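Residue-level listing of the chains:
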Amino acid sequence: MNPTLRQMRAFVALARMGNFTLAAASLHVTQSALSGLIKELEQTLGVRVVDRSTRRIALTATGQELYPLFSQMIDDLDGALANIADQAQLRKGIVRVAVPQLMACTLLPQVIAAWRERHPDIRISLSDSPVEGVTARVLSGETDFGIGPERDGAPQLQARLLMEMPFEAVVPPGHPLAGRTRATWAELAAWPLISLRGQFTERLLADMDAAPPGLALKPAHEVTYMTTALAMVAAGLGITVGMPYAAPLVRLHGLAAVPLAEPVLTRRFFVYTREQRSLTPAAEAFIAFLFDFVADRPAAAPPLPR
């Protein structure tokens, strides 16, 4: 005993209109087709659901019991299908993204503002996290995807390269390196270096070990967030190194950024998603928009120095 959706729709339309002609017109079918669907429903159920007369129909006791049930089921289904259609057509939805705290207050607000001009009804939920927490939020399902620097691979994550950026030195105004077109890593040794805890400094030290002999990197201070490092530089406590996408915050602190060379060291940033988990249409569209945004704006992802 499994009524079809077409049979249920026919019955609900007939119960609402109280007339075969009007009900058939509302469903865009012929009156004979509607009558056939009602007969099929009654045969499936084994009972009559309507009593027919020459002018109007009347629901039987069974029909009166089924009408609110079928009506609610169809309304719920139509509502769900309309919601899915809106999401597929990018008319509504939510995108949840995790990014490091520095990226959350520099690059991502620019991306979100540009996105909202095209899709004002799709909300972006931004989770600013410690760098090491980005992939954890993706794996837990708290966010649809994350953006972060290259990290040791996680077997359940898929990584797509978003951009690659060279390191810059960030120094106070009036500093001997300020205004230079470039500086060398060896020149940083004369000033206290403020670096970040965790894999940021670990990977940088490893890069230094692989560089030509004579280079050494010994942080005088290690902090958790780049915003703290920038504030310390502004206070005259030393210098730091970072990525070009932090330019808005560097300028906000009144600092100067100087490209670093000998050697040119870079960091790659990836979009992280969970393997074998489909993204919503809104999340897929936002990721595509993000890649286009970064590719079209050299200030967001400047070319590497030669």
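Residues numbered from 1 in each chain as written. Predicted model: local features only at pLDDT ≥ 70, side-chain atom pairs only at ≥ 80, totals over all residues. Heavy atoms only, no water.

A. Representation of the overall build of the protein. Looking only at helices and strands, one finds eleven helices and 13 strands in the protein. Rg of the C-alpha trace for the protein: 31 Å, well past the compact-globule value of 19 Å for 306 residues, more than 25% over. C-alpha extents for the protein along the principal axes are approximately 100 × 35 × 30 Å. By the burial criterion, 42% of the 306 residues in the protein qualify as buried. Counted over contacts in the protein with a minimum sequence separation of 6, partners at least 24 positions apart contribute 75%. Of the roughly 15,900 Å² of accessible surface on the protein, 53% is carried by carbon and sulfur atoms. Taken as two groups, the 29 positive and 28 negative side-chain charges of the protein have centres that lie 6 Å from each other. (Helix = DSSP H or I, 4+ residues; strand = E, 2+ residues; numbered from the N terminus. Rg over C-alpha atoms; globule rule 2.2 N^0.38 Å. Buried < 20%, exposed > 50% of the residue type's maximum accessible area, 1.4 Å probe, protein only. Contact = heavy atoms within 4.5 Å. Areas by Shrake-Rupley, 256 points an atom, 1.4 Å probe, with all protein chains shown as cover. Lys, Arg positive; Asp, Glu negative; His and termini not counted. Charge placed at Lys NZ, Arg CZ, Asp CG, Glu CD.)

B. Layout of the pattern of salt bridges. Tallied over the entire structure, the rule returns nine salt bridges. D78 is the salt-bridge partner of R9, the closest N and O atoms lying 2.6 Å from each other. On the criterion of sequence distance, the pair formed by R9 in helix α1 (residues 5-17) and D78 in helix α4 (residues 61-88) is long-range, its members being 69 residues apart. Residue R9 is classed as partly exposed on the basis of its relative accessible area, which comes to 26%. Measuring nitrogen to oxygen at the nearest pair gives 2.9 Å for the salt bridge that ties E187 to R180. (Salt bridge = Lys/Arg side-chain N within 4 Å of Asp/Glu carboxyl O.)

C. Looking closely at the side chain of E168. Checked against the element boundaries, E168 lands in strand β7 (residues 168-171). Buried and unpaired, E168 has no salt bridge, with R251 as the nearest side chain of opposite charge at 8.8 Å.

D. The packing of α1 against α4, seen in detail. In the contact formed by α1 and α4, the axes pass within 9 Å of each other and the chain directions differ by 115 degrees. In terms of their interaxial angle, α1 and α4 are classed as roughly perpendicular. Like other packed secondary-structure pairs, α1 and α4 cross with a definite hand, here left-handed. On α4, the residues that touch L5, M8, R9, F11, V12, A15 and R16 of α1 are G63, L66, Y67, F70, S71, M73, I74, D75, L77 and D78. Taken together, the residues of the contact of α1 with α4 break down into eleven nonpolar, two polar and four charged. (Axes fitted to C-alpha atoms, helices over the stretch in contact; angles between N-to-C directions. Parallel < 35°, antiparallel > 145°, perpendicular 65-115°, else oblique. Left-handed = near helix turned anticlockwise from the far one by under 90°. Nonpolar A, V, L, I, M, F, W, Y, C, P; charged D, E, K, R; others polar.)

E. A look at the sheet that holds strand β11 (residues 239-242). On the basis of which strands lie adjacent, the open sheet formed by six strands has the order β8-β12-β7-β11-β9-β10 and mixed pairing. Two strands bound the open sheet, and with one partner strand each, they are β8 (183-184) and β10 (221-223). Bridge count for β7 against strand β12 (residues 256-261) is four bridges, and the pairing is antiparallel. Its bridge partner lying in β12, V171 is registered against A256. (Pairing = 2+ DSSP bridges.)

F. Here's a closer look at helix α9 (residues 226-234). Inspection of α9 places M226, T227, A229, L230, M232 and V233 among the buried residues, and these make up the whole buried set. Looking one or two residues beyond α9, the residue adopting positive phi is G236, at roughly 85 degrees.

G. Expanded view of a nonpolar patch on the surface. A cluster of nonpolar residues, L5, L77, L81 and I84, forms a patch on the protein surface that exposes about 330 Å² of accessible area. The element that contributes the greatest number of residues to the nonpolar patch is α4, accounting for three residues. You can see L77 is positioned in helix α4. Here L77 falls in the partly exposed class, since its relative accessible area comes to 32%. (Patch = residues over 30% accessible without salt bridge, like charges linked within 9 Å, V, L, I, M, F, W, Y side chains within 5 Å.)

The values reported here are purely geometric and, on their own, carry no functional implication.
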